[in-house]
Amino acid sequence: MISIVCTDITTLQVDAIVNAANTGLRGGGGVDGAIHRAAGPQLQEYCQRLNGCRTGDAKISPGFDLPARWVIHAVGPIWQGGGGNESALLAACYLNAFEQALAKRVKSIALPCISTGAYGYPKPEAATIALTAMRDFESHFDKIVACCFSEEDAGLYRQTLARLRGETAG
Ligand code: ADP
């Protein structure tokens, strides 16, 4: 089941939340900063030992002080106009995040709108990639939460999900 919510991802009671991380796994602004603040300093210490993460890939850590047991740090691409393989990298980033979750037997997972903040990915195209990946993995989880951070983003996600479902119906 995919649900679309508009909230702060750090508050969600799920097995794993996904972070829109940077390649250094150093913690930054946006959702990354919020997750590091809510998880506490142990998260930063743990991440320092993970040796970074390539764009399109994902690494997992405990959630420490978060309600979520795990944080999956996925590195989305920085938008460069579309000619830098960004769409494949964004798709890979969601796929690798789900693979990390499955390896830990995660049943409920929440994901932010990766790359659409500071990294500048156009939101409609990013929503299509994100929700296509969520639909591909839907049957492996009890619950996938698409965690938007504005009502506008949540509306776009609802519209996009309805379109994707319509395309494959009948
Ligand atoms: P990126 O660098 O991958 O673009 P950002 O953190 O800048 O990452 O933005 C990614 C998305 O996360 C944006 O849609 C932003 O609105 C959203 N976001 C920011 N803070 C939070 C939060 N606390 N919970 C959920 N989503 C958030």
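No experiment lies behind these values; they were computed from the predicted model shown. (Residues numbered from 1 in each chain as written. Predicted model: local features only at pLDDT ≥ 70, side-chain atom pairs only at ≥ 80, totals over all residues. Heavy atoms only, no water.)

**Student:** Looking at this structure, how should I read the site of the ligand?
**Tutor:** Around the ligand, a shell composed of 15 residues is seen, among which Asp 8, Val 31, Ser 115, Gly 117 and Ala 118 lie nearest. In the environment of the ligand, a nitrogen atom lies 3.0 Å from a nitrogen or oxygen atom belonging to the side chain of Asp 8. At 2.8 Å, a backbone N or O of Gly 117 approaches an oxygen atom of the ligand. Sort the elements by how many residues they give to the shell around the ligand and helix H1 (residues 30-39) lands first, with 3 residues. Looking at side-chain class alone, the shell around the ligand contains 8 nonpolar, 5 polar and 2 charged residues. (Near = heavy atom within 4 Å. Polar contact = N/O pair within 3.5 Å; in protein donor to acceptor, adjacent residues only side chain to side chain. Helix = DSSP H or I, 4+ residues; strand = E, 2+ residues; numbered from the N terminus. Nonpolar A, V, L, I, M, F, W, Y, C, P; charged D, E, K, R; others polar.)

**Student:** Is there a simple way to think about the packing of helix H3 (residues 86-103) against helix H4 (residues 123-137) in this case?
**Tutor:** For any two helices packed against each other, one specifies the crossing angle of their axes together with the interaxial distance. The interhelical angle for the contact between H3 and H4, taken along N-to-C directions, is 30°, at an axis separation of 9 Å. Here H3 lies roughly parallel to H4, going by the angle between them. The two elements H3 and H4 meet at a crossing, and its hand is right-handed. Mapping the contact onto sequence places Ser 87, Leu 90, Ala 91, Tyr 94, Leu 95, Phe 98, Glu 99 and Leu 102 in H3 and Ala 126, Ile 129, Ala 130, Ala 133, Met 134 and Phe 137 in H4. Each residue belonging to the contact of H3 with H4 can be placed in one class, and the counts come to 12 nonpolar, 1 polar and 1 charged. (Axes fitted to C-alpha atoms, helices over the stretch in contact; angles between N-to-C directions. Parallel < 35°, antiparallel > 145°, perpendicular 65-115°, else oblique. Left-handed = near helix turned anticlockwise from the far one by under 90°. Contact = heavy atoms within 4.5 Å.)

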